[in-house]
Amino acid sequence: MDEISKYHELAKDAGNRLRAYILSVSSGATGVFFLALTKTDKTSLSCSEKWLLSIALISFVLTVLLCLYELRIDAKRFFSLAKELGKPQSDQNWEQNNSYKSKRYWLIHLSYVTLGIAILSTSVYLVLNIIGT
């Protein structure tokens, strides 16, 4: 295995681990909402708390959906790569692969944004509840 392939493999592994972390955080965030919605005191949530929790929940769900869609695009990209590599070199066309790479890039970065929004909203909600108690 040449050195370039080794670094490509390391980058792919790092990306897969990062995606797994994002999915874990987003999926595990439902515990925060369970805790928030089952408060022991019988006071209802304020309007700002409802907004913060709604934004966080929607953002976590969007993060999971974006990550799952990115996984689908990645699988299609690998299928396309294998298909093109099976052709003679003169018949290979990398347009589809470039399209998948571009989509994957934007989906990954969009999932970072939605995860950041979700964590920020959840953090603000928790800080407001700590200050309020």
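## Structural notes on the overall build of the protein
Per the secondary structure count, the protein includes 4 helices and 0 strands. Counting only residues that meet the buried cut, the protein has 29% of its 133 residues in that class. Accessible surface, the protein as shown: approximately 9,200 Å² in total, 67% of it carbon and sulfur.

## Comments concerning the pattern of salt bridges
Between side chains of opposite charge, a pair can form as their charged atoms come close. On inspection of all chains with the given rule, the structure shows 4 salt bridges. For K87, the salt bridge identified is with E84, shortest N-O distance 3.1 Å. Residue classification places K87 among the partly exposed residues on the basis of a relative accessible area of 31%. Given a relative accessible area of 9%, E84 falls into the buried group. Through salt bridges that share partners, E70, D74, R77 and R104 make up one connected network.

## Here we look at the packing of helix 3 (residues 47–85) against helix 4 (residues 95–132)
For the pair helix 3 and helix 4, the least separation of the axes is 7 Å and the interaxial angle reads 160°. With respect to their mutual orientation, helix 3 and helix 4 come out roughly antiparallel. Crossing geometry of helix 3 relative to helix 4 is assigned as left-handed. Residue composition of the contact of helix 3 with helix 4, by class: 22 nonpolar, 10 polar and 8 charged.

## Regarding the environment of K101
Tracing the chain through its elements places K101 in helix 4. When its relative accessible area of 44% is taken as the criterion, K101 is described as partly exposed. With 24 residues separating them along the chain, K101 and R77 place their C-alpha atoms 7.5 Å apart.

## Quick notes on the confidence of the model for the protein
Confidence along the protein averages 80 in pLDDT terms, with 77% of residues attaining 70 or more. Model confidence for the protein, summarised as mean pLDDT per element, is weakest for helix 2 (residues 30–37) at 65 and strongest for helix 4 at 90.

## Here we look at the nonpolar core
Counting residues in each nonpolar core, the largest one holds 8 residues, listed as I22, L23, A56, F60, V64, C67, L115 and A118. Where this core is concerned, the elements lending two or more residues are helix 1 (3–28), helix 3 and helix 4. The dominant element in this core, judged by the number of residues it contributes, is helix 3, at 4 residues.

## As for the environment of L71
With respect to the helices, strands and loops of the structure, L71 is situated in helix 3. In the structure, L71 is positioned 33 residues away from R104 in sequence and 8.5 Å away in space, judged by C-alpha atoms.

How each quantity is defined
- Residues numbered from 1 in each chain as written.
- Predicted model: local features only at pLDDT ≥ 70, side-chain atom pairs only at ≥ 80, totals over all residues.
- Heavy atoms only, no water.
- Helix = DSSP H or I, 4+ residues; strand = E, 2+ residues; numbered from the N terminus.
- Buried < 20%, exposed > 50% of the residue type's maximum accessible area, 1.4 Å probe, protein only.
- Areas by Shrake-Rupley, 256 points an atom, 1.4 Å probe, with all protein chains shown as cover.
- Salt bridge = Lys/Arg side-chain N within 4 Å of Asp/Glu carboxyl O.
- Axes fitted to C-alpha atoms, helices over the stretch in contact; angles between N-to-C directions.
- Parallel < 35°, antiparallel > 145°, perpendicular 65-115°, else oblique.
- Left-handed = near helix turned anticlockwise from the far one by under 90°.
- Nonpolar A, V, L, I, M, F, W, Y, C, P; charged D, E, K, R; others polar.
- pLDDT = per-residue confidence, 0-100.
- Core = buried A, V, L, I, M, F, W, Y, C linked by side-chain atoms within 4.5 Å.

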